[in-house]
Amino acid sequence: MSKTVQAEGALETRGIEQVPDAERTGRTRELFPTWVGANISVLLLTMGASLVVAYHLSFWQAVVCAVAAPVVSYGLVGLIGIAGKRGGAPGMALSRAVFGQRGNLLPGAVIWVARWGWETINAVTGAYALLTVLDILFGLKTNSVLDIVMLLAFVVATFAISGLGINAVQKCNTYATYLFGLFSVLVLVYLIVDTDWSKVFSRPAGSAAAVITGIGMIAAGGVSWIPTAPDFTRYLPRTASSKAIVGHSVGGAGIVVLPMVLMGTVMAVSTPDLASASDPVSFLGEILPTWIAVPYLLIALIGMLLINAMSMYSAGFTAQTLGFRIPRHWAVSVNAVISLGFGGVLMLAATSFMGSFIAFLSLLAVAFSAWVGVFGADMLRRTEYDGRAMADTTRTSAYWYTGGFSPAAVASWAIGLIAGLMFTTSDWFTGPLANNNVIGEYGLGWVATVVISGVLYLVLPKPAVVTSSPADAAAESAARTESAVRV
């Protein structure tokens, strides 16, 4: 991000409008700590345990899941992130070019609502981390009042970071990466010394269907970031390497996902009830010595703050594309309030955190994948985005299409979404086509969603691609830069 137009660490005021070329001075290597920070969560430990306890996989099968999941999900994050450098705008603003000004409201609303759930899960996990630290250090046991106070503290801190903007988020991610890496090595060394490895390696192998389902479970977290990928690449120059965008996205996520999932797999040997625990954090206080558990939990807490800050940062853009005519940092507050309310319900009423989490992930992946299929297919033919058309929400917009809708995009998205849900199985919902077929058995509902929506969009007749002429784009960029300098 430019250090001349907006000072580093200052409140970011730019919303969903296209970033002028003069301000697009970001570097692709900044994506590495961004996606490291997006995965600093103890939930990965619980997912790793679930591979052993719930899916009955061997250690080496868990390795396959831990490697494949970030390659698949964050490979897609990187590919969709390329649109950010092409269009210089957040993902849901670029989406207007695909779905139409009114048509974009449909996937935008679904993604916004789904993000409430993701932020709620992370807020609750962060609150449990605080509660576990208080229990270890001071013997304070959880109760309803303390639960809500810790949840409130987490949400307020998240709002403060995400409200500042992309510079604050990226700087926090960089520091968290170093701290988390250091203490993860300490935890790993402790597990190597303390674990009965004969039990770890003697576990029988599970089915191929369970392996693929496990990959999908872990990948679902990454899939949730795909629509927001352009939010973190829109400050990159148009000449930025697409290969580097994908590489840093996969590398940043993989360097965290792989060891965290495998540590959870190993921990499950000594704590077999980890995957069904009422909260996903307190087990660390039982497995690890205090001198490791407390700082590790505090650093993981920072990571979860950053995850929610990144999510709320993007959710603010989504709210703006839905018509909320308020600054981005105030749009963020809407999600903060919602995550506080839903988080309170989850902490006070849910009996099994992990069961609720896995059920949510299976539906979350489908909700995001319908958009991914259509938007990704559109990227095959569109290399530029018209900033004026994106900002113009009236009938005069070049992205108005037919009554504000792109019929091909909206139809492909809706059919893909419905089809994916029909093949999906979860504790909350089971589709009518989820049984007696490979897609349902292997947990591939979200993959089917991507394929169906993408293929339909490719074959259906679409509006012509609209871009600004080079002269108009240059004039617009110069005008915006001059305006920014005057401010």
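## Examining the overall build of the protein chain
When helices and strands are counted, the protein chain shows 20 helices and 0 strands. Buried residues in the protein chain amount to 57% of all 487 residues. Long-range pairs, those at least 24 residues apart, make up 87% of the contacts in the protein chain with a sequence separation of at least 6. Summed over all atoms, the accessible surface of the protein chain reaches about 18300 Å², with 69% contributed by carbon and sulfur.

## Thoughts on a nonpolar patch on the surface
Together, L380, V447, V451, V455, L458 and V459 line one region of the surface with nonpolar side chains, adding up to about 550 Å² of accessible area. As for its position among the elements, V459 is in helix α19 (residues 445–459). For V459, a relative accessible area of 59% corresponds to the exposed category.

## Observations regarding unusual backbone geometry
At H56, a residue that is not glycine, the phi angle is positive and equals roughly 55 degrees. Position of H56 relative to the elements: it lies in the loop between α2 (43–53) and α3 (59–87). If you check the backbone angles, Y401 has positive phi at about 55 degrees while not being a glycine.

## Some details on helix α13 (residues 290–321)
A rise of 1.5 Å per residue sets the reference length of α13, with its 32 residues, at 46 Å; its end C-alpha atoms lie 46 Å apart and thus fit the reference within 8%. Along α13, 27 of the 32 residues are buried, which leaves the element largely enclosed by surrounding structure. Within two residues after α13, G323 carries a phi angle of roughly 110 degrees, on the positive side.

## Brief notes about empty space enclosed by the protein
On inspection of all chains with the given rule, the structure shows 3 cavities of 30 Å³ or more. Space inside the largest cavity adds up to approximately 160 Å³. Lining the largest cavity are 17 residues; nearest its centre among them are N39, L44, M47, W118 and G221. Looking at the lining of the largest cavity, the elements that each hand over two or more residues are α2, α3, α6 (105–138) and α10 (208–223). Among the residues forming the lining of the largest cavity, the class breakdown is 11 nonpolar, 6 polar and no charged.

## What about the side chain of S95?
One can find S95 in the loop between α4 (91–94) and α5 (96–99). Residues contacting S95, with those up to four places away along its chain left out, are G100, N104, W371 and F375.

## Looking at the environment of M92
Tracing the sequence through the fold places M92 in helix α4. In this structure M92 comes out as buried when scored by relative accessible area, which is 4%. Distance in space between the C-alpha atoms of M92 and I111 is 9.4 Å, their sequence separation being 19 residues. Those residues in contact with M92 that lie beyond four places of it in its chain are N104, P107, G108, I111, P227, T318, T321 and W371.

## As for the environment of V187
Note on placement: V187 falls in helix α8 (residues 166–194). On a C-alpha basis, the gap between V187 and M263 in space is 8.5 Å, while along the polypeptide they are 76 residues apart. Each residue touching V187, except ones within four places of it in the same chain, is listed here: M263, M267, L288, I292 and Y296.

## Let's talk about the pattern of salt bridges
Summed over the entire model, instances satisfying the criterion amount to 5 salt bridges. Across the pair D21 and R24 runs a salt bridge, and its minimum N-O distance is 3.6 Å. Judged by its relative accessible area of 38%, D21 falls in the partly exposed class. For R382, the salt bridge goes to D378, with nearest N and O atoms at 2.7 Å. Here the two residues R382 and D378 agree in accessibility, since each one is buried.

## Quick word on the packing of helix α17 (residues 407–422) against α19
Contact geometry of α17 with α19 gives a least axis separation of 8 Å together with a crossing angle of 155 degrees. Here α19 runs roughly antiparallel to α17, going by the angle between their axes. Handedness of the crossing formed by α17 with α19: right-handed. Here α17 contributes A408, A409, S412, I415, G416, L417, A419 and G420 to the contact with α19, which in turn contributes G445, T449, I452, S453, L456 and Y457. Its residues assigned to classes, the contact of α17 with α19 shows 8 nonpolar, 6 polar and no charged.

## Regarding the packing of aromatic side chains
Under the counting rule described, the total for this entry stands at 9 aromatic pairs. Grouping aromatic residues by their ring pairs yields a cluster made of W35, Y74, W225 and F232. Here K462 stacks its cationic end above the ring of Y457, 5.2 Å away from the centre of that ring.

## Re the packing of α6 against α13
When two helices pack together, their arrangement is given by the angle between the helix axes and the distance between those axes. Axis separation between α6 and α13 bottoms out at 9 Å; the angle between their running directions is 160 degrees. What the angle tells us is that α6 and α13 run roughly antiparallel. The two elements α6 and α13 meet at a crossing, and its hand is left-handed. Taken together, the residues that form the contact of α6 with α13 break down as 19 nonpolar, 10 polar and 2 charged.

## Side note on the confidence of the model for the protein chain
Mean pLDDT over the protein chain: 83, with 86% of residues reaching 70 or higher. For the stretch residues 1–10, pLDDT sits under 50, and the model shows 25 contacts to residues farther than four places along the chain or on other chains. Segment residues 469–487 is flagged for pLDDT under 50; beyond a separation of four residues in sequence, or across chains, it makes 16 contacts in the model.

## Comments concerning α6
In a regular helix each residue adds 1.5 Å, so 34 residues correspond to 50 Å; α6 covers 48 Å between its end C-alpha atoms and thus fits that length. Summarising burial for α6: 25 of the 34 residues are buried, a large majority. Just downstream of α6, G139 is the residue with a positive phi angle, here 70 degrees.

Rules used throughout
- Residues numbered from 1 in each chain as written.
- Predicted model: local features only at pLDDT ≥ 70, side-chain atom pairs only at ≥ 80, totals over all residues.
- Heavy atoms only, no water.
- Helix = DSSP H or I, 4+ residues; strand = E, 2+ residues; numbered from the N terminus.
- Buried < 20%, exposed > 50% of the residue type's maximum accessible area, 1.4 Å probe, protein only.
- Contact = heavy atoms within 4.5 Å.
- Areas by Shrake-Rupley, 256 points an atom, 1.4 Å probe, with all protein chains shown as cover.
- Patch = residues over 30% accessible without salt bridge, like charges linked within 9 Å, V, L, I, M, F, W, Y side chains within 5 Å.
- Salt bridge = Lys/Arg side-chain N within 4 Å of Asp/Glu carboxyl O.
- Expected span 1.5 Å × (residues − 1).
- 1 Å grid on protein atoms, 1.4 Å probe; cavity = no way out; pocket = protein on both sides within 12 Å on 5 of 7 lines; lining within 4 Å.
- Points joined across faces, edges and corners; volume = space filled by probe spheres on them.
- Nonpolar A, V, L, I, M, F, W, Y, C, P; charged D, E, K, R; others polar.
- Axes fitted to C-alpha atoms, helices over the stretch in contact; angles between N-to-C directions.
- Parallel < 35°, antiparallel > 145°, perpendicular 65-115°, else oblique.
- Left-handed = near helix turned anticlockwise from the far one by under 90°.
- Phe/Tyr/Trp six-rings, centres within 6.5 Å; stacked < 30°, edge-to-face > 60°.
- Lys NZ or Arg CZ within 6 Å of the ring centre and 35° of its normal.
- pLDDT = per-residue confidence, 0-100.

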